[in-house]
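Understanding the architecture of this molecule
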Amino acid sequence: MSMTVAERINAERFVLAGWSRAILMQLAHPLVAQGVADHSTFRGGLFTAAVRLHHTVAAMRRLTFGPAEASRRALAGILAIHTRVHGTLQEPVGRYPAGTPYSAEDPALVLWVHATLLDSLPLIYGHVIEPLSPAALDAWCLESAPVAVALGARPDDVPVTWAALQAHLDDMRASGALVVGTTARALAGDVLAPRLSSLIAPARWVNRTVTIGLLPTDLRTQYGFGWGPADDRSLARTLSALRRLRRVTPDLIAQWPDARVAT
């Protein structure tokens, strides 16, 4: 049985290299950053980060590859967490005054989180595994849309083509909705270099290089990350090394077990 585009992308462990980019894009929205600061375990160090990523990816895998009942349970679990994530902005950031309320159930914030993953995962897939055709990118958006709607995004707002996704990302960056504040910068440090990550210094370096290098230029500048021609060359070498590594890694190791069972 052939895999859908969403299954092909989500099957790959190497696609995890795109998650930190998506997270930094999410944190560029001040209301998302405040919600993460107030309710997440981002600052718990390397092992806490690993556990958090494990649970997040496990939920994604159940949504993509699990039977209907497992998918329903995964959605219910995420929605239950969302009901607890609400509060107010602690300091003014951009157009948002202190006291601005946020909620993980806000359809606009659900859509922004969805859009960052929708953009980041096929980006790293294209660099490391194989390029995706325009038709495949459209299929990826269409296949992923039901999850965004189930999590609370407004159906008419969810992009179902790659062009619509890119238009939404451009609109968000032009609207003033994305402003990297002090909270986002502090959280970005925890994403790129959690406590004890010196234990896996090479992986930390790869994550930092790929994440910063593939960020949209305007957001990279807002975060205060320096970047120049030498960094571009380092990014190209890193992506090339990941491509070579994937080519010699058997699917038995490179793909998630439930993805292989689903095929």
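Residues numbered from 1 in each chain as written. Predicted model: local features only at pLDDT ≥ 70, side-chain atom pairs only at ≥ 80, totals over all residues. Heavy atoms only, no water.

Concerning the pattern of salt bridges
Put simply, the rule is: Definition used for salt bridges: Asp or Glu carboxyl oxygen within 4 Å of a side-chain nitrogen of Lys or Arg. Helical segments are the DSSP runs of H or I of at least four residues, strand segments are the runs of E of at least two, and each set is numbered from the N terminus. For every residue, the accessible area (1.4 Å probe, protein chains only) is compared with the maximum for its type, and the residue is labelled buried under 20%, exposed over 50%, or partly exposed between those bounds.
Using the criterion set out here, one finds 9 salt bridges in the structure. Residue Arg21 is joined to Asp119 by a salt bridge in which the shortest nitrogen-to-oxygen separation is 2.9 Å. With Arg21 in helix H2 (residues 19-27) and Asp119 in helix H6 (residues 107-128), this residue pair connects regions lying 98 residues apart in the sequence. Classification of Asp119 by relative accessible area gives buried; the value is 8%. We note a salt bridge from Arg73 to Glu69, for which the minimum N-O separation is 3.8 Å. Taken as a pair, Arg73 and Glu69 lie in helix H5 (residues 68-84) at a separation of 4 residues, close to a single helical turn.

A few points about the nonpolar core
Counted only if it meets this: We call a set of buried Ala, Val, Leu, Ile, Met, Phe, Trp, Tyr and Cys residues a nonpolar core when their side-chain atoms join them within 4.5 Å.
Counting residues in hydrophobic clusters, the biggest one holds 64 residues, and the most contacted among them are Leu27, Trp140 and Tyr223. No other element matches H6, which puts 8 residues into this core. With 10 residues, the next largest nonpolar core counts Ala59, Ile78, Ala145 and Ala153 among its residues.

Description of the side chain of Arg220
As a reminder of what qualifies: Positive charges are assigned to Lys and Arg, negative charges to Asp and Glu, while His and the chain termini are left out of the count. What qualifies as a polar contact is a pair of N or O atoms within 3.5 Å, subject to a donor-acceptor requirement within protein and to the restriction that residues adjacent in sequence count only when both atoms come from side chains. When checking whether two residues touch, look at their non-hydrogen atoms; a contact exists if any pair is within 4.5 Å.
Here Arg220 is to be found in helix H11 (residues 217-223). Although Arg220 lies buried, it forms no salt bridge, and the closest oppositely charged side chain, Asp232, sits 5.5 Å away as judged by the N-O distance. A polar contact of 3.1 Å, which involves the side chain of Arg220, links it to the backbone oxygen of Ile212. What Arg220 contacts, discounting residues up to four positions off in sequence, is Ile212, Gly213, Leu215, Phe225 and Trp227.

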